[in-house]
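# Architecture at a glance
Each chain, letter by letter, is given below.
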Amino acid sequence: MTIVEVGPRDGFQSIGPFIPTATKIALIGRLHDAGLRRMEITSFVSPSALPQLADAEDVVSAAATLHDLDSQVLVPTLRHAERALAAGARHLSAVLSVSERHNIGNVRRTPLESAADYAAIIAAASPDIRIRLNLATSFDCPHVGCIGEEAVLGLLEILLAATTDVEVALCDTTGRADPRHVRSLFASAQARFPEVSAWAFHGHDTFGLGAANALAAWDAGVRVFDAAIAGLGGCPFAPGATGNVATEDLVWMFSRMGADTGIELDRLLAVARNVADLPGAQVGGRVRQAMEARACLAVAQ
């Protein structure tokens, strides 16, 4: 299984006070030291829209020096994908929303217009560039509510015409999905598109179901999971959504189940404690708090 650390992108983008570039790079390095070998390190977007990520080029350059790190970057349009490639990015994470209202709010395009842009990204990327497809609001939209499965599958039909040699991430953007919905959608998607090379789950923990939904995806055969250190986040384009499911929560859960995450929990928790202290950070998760309480109890005894 693979845990994709998305805190440096999905988590940092929601923090108001600018995090010094050197701090971001240092945290990515410490996450790497803890055993994480795949991270979404930044996003190439308009600096005016997300000033926190205006240093994307510098972050990509620094991450390239870390041994065996698969650094993916989020790109919402062809123009930003071209910027990412020019900066040296080798793994693009393209994103669009199933919800038309959400997609227009994000990039001022309909999902079909974004699908055409995605096809252009595929065409522009050389064969050695890895591509991931993030399908936001696959379960729920902050504006229109629950998203029907057929809307997701229908859009995937259009998107996968460009290529099926791609990892597809179904994203619970608002954190309002439930395990039954997660299990059902992945089962339907895998049955409809058996040629897709890999499936991933991106979940938020708004209602405390982030880990439960990840487990439902695992039961459906998914082996790639997004998570954010210390449960960082809160999507600026999904009002009310809290952070991603905490990386340390998934490491704890899957390790207890006997799955090999390749991540050292103690080192991870040390980073989580530092991340939780970042000015303006909105954090979550359970394992970090439980371990801190346990440590305090041990000292008291």
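Residues numbered from 1 in each chain as written. Predicted model: local features only at pLDDT ≥ 70, side-chain atom pairs only at ≥ 80, totals over all residues. Heavy atoms only, no water.

Secondary structure assignment for the chain yields 12 helices and 10 strands. In terms of overall dimensions, the chain is globule-like: its C-alpha atoms have a radius of gyration of 18 Å, near the 19 Å expected for 301 residues. Overall, the C-alpha framework of the chain stretches about 60 × 40 × 35 Å when taken along its three principal axes. Taken across its 301 residues, the chain has 55% of its residues classed as buried. Contacts in the chain between residues far apart in sequence, at least 24 positions, make up 73% of those at least 6 positions apart. (Helix = DSSP H or I, 4+ residues; strand = E, 2+ residues; numbered from the N terminus. Rg over C-alpha atoms; globule rule 2.2 N^0.38 Å. Buried < 20%, exposed > 50% of the residue type's maximum accessible area, 1.4 Å probe, protein only. Contact = heavy atoms within 4.5 Å.)

This part takes up the packing of aromatic side chains. Under the definition given, this model contains five aromatic pairs. Aromatic pair Phe139 and Phe201: ring centres 6.2 Å apart, planes at 80 degrees, arrangement edge-to-face. Residue Phe139 is found in the loop between strand S5 (130-136) and strand S6 (140-141), and its partner Phe201 is found in strand S9 (residues 198-203); the two are separated by 62 residues along the sequence. Summarising the burial analysis for this pair, Phe139 and Phe201 share the class buried. (Phe/Tyr/Trp six-rings, centres within 6.5 Å; stacked < 30°, edge-to-face > 60°.)

With that settled, the discussion passes to the pairing of strand S10 (residues 224-227). Across the two faces of S10 the burial is the same, with Val224 and Asp226 and Phe225 and Ala227 all buried. For strand S1 (residues 2-5) and S10, the ladder comprises four bridges, and the chain directions are parallel. Residue pairing in the sheet places Glu5 in a bridge with Ala227 of S10. Crossover S9 to S10 through helix H9 (residues 210-219) is right-handed. (Pairing = 2+ DSSP bridges. Right-handed = clockwise from strand over helix to strand, strands pointing away.)

What follows deals with the pairing of strand S3 (residues 70-75). Burial analysis of S3 places six of its six residues in the buried class, the great majority of the element. In S3, alternate side chains face the same way, and those of Asp70, Gln72 and Leu74 on one face and Ser71, Val73 and Val75 on the other are all buried. As paired elements, strand S2 (residues 38-43) and S3 share five bridges and run parallel to each other. If you follow Arg38 over to S3, its bridge partner there is Asp70.

To continue, consider the packing of helix H2 (residues 21-33) against helix H3 (residues 56-63). Their axes nearest at 10 Å, the elements H2 and H3 cross at an angle of 35 degrees. Relative to H3, H2 is oriented so that their crossing is right-handed. Mapping the contact onto sequence places Thr21, Lys24, Ile25 and Ile28 in H2 and Asp58, Val59 and Ala62 in H3. Class assignment of the residues belonging to the contact of H2 with H3 gives a composition of four nonpolar, one polar and two charged. (Axes fitted to C-alpha atoms, helices over the stretch in contact; angles between N-to-C directions. Left-handed = near helix turned anticlockwise from the far one by under 90°. Nonpolar A, V, L, I, M, F, W, Y, C, P; charged D, E, K, R; others polar.)

Another point: unusual backbone geometry. One non-glycine residue with positive phi stands out, namely Asp68, at about 60 degrees. Positionally, Asp68 belongs in the loop between H3 and S3. In this model, Ala230 sits at a positive phi of 60 degrees, which is unusual for a non-glycine residue. Its location among the elements puts Ala230 in the loop between S10 and helix H10 (247-256).

Here the structure, examined in full by the defined rule, presents 16 salt bridges. For Arg9, the salt bridge is made with Asp10, and the minimal N-O distance between the two is 3.7 Å. The exposure classification of Arg9 matches that of Asp10, with both residues buried. We note a salt bridge from Asp128 to Arg90, for which the minimum N-O separation is 2.2 Å. With Asp128 in the loop between helix H6 (111-124) and S5 and Arg90 in the loop between helix H4 (78-86) and strand S4 (91-97), this pair connects stretches of sequence that are 38 residues apart. Using a relative accessible area of 43% as the deciding quantity, one classes Arg90 as partly exposed. Several salt bridges converge on common partners, so that one network encompasses Arg38, Asp70, Arg130, Arg132, Glu167 and Asp226. (Salt bridge = Lys/Arg side-chain N within 4 Å of Asp/Glu carboxyl O.)

Taking 1.5 Å per residue, 13 residues should reach 18 Å; H2 reaches 18 Å between its end C-alpha atoms and fits that length. Those residues of H2 not exposed but buried are Thr21, Lys24, Leu27, Ile28, Gly29, Leu31 and His32. Where H2 is buried, its residues meet S1, helix H1 (7-11), S2, H3 and helix H11 (265-276). (Expected span 1.5 Å × (residues − 1).)

Quick look at the packing of H6 against helix H7 (residues 149-159) now. Where H6 meets H7, the closest approach of the two axes is 10 Å, and the angle between their N-to-C directions is 30 degrees. Considering their axes alone, H6 and H7 lie roughly parallel with respect to each other. Helix-helix and strand crossings are classified by hand; for H6 and H7 the assignment is right-handed. Packed against H6, whose contacting residues are Pro111, Leu112, Ala115 and Tyr118, the element H7 presents Leu155, Ile158 and Leu159 at the interface. Split into classes, the residues belonging to the contact of H6 with H7 amount to seven nonpolar, no polar and no charged. (Parallel < 35°, antiparallel > 145°, perpendicular 65-115°, else oblique.)

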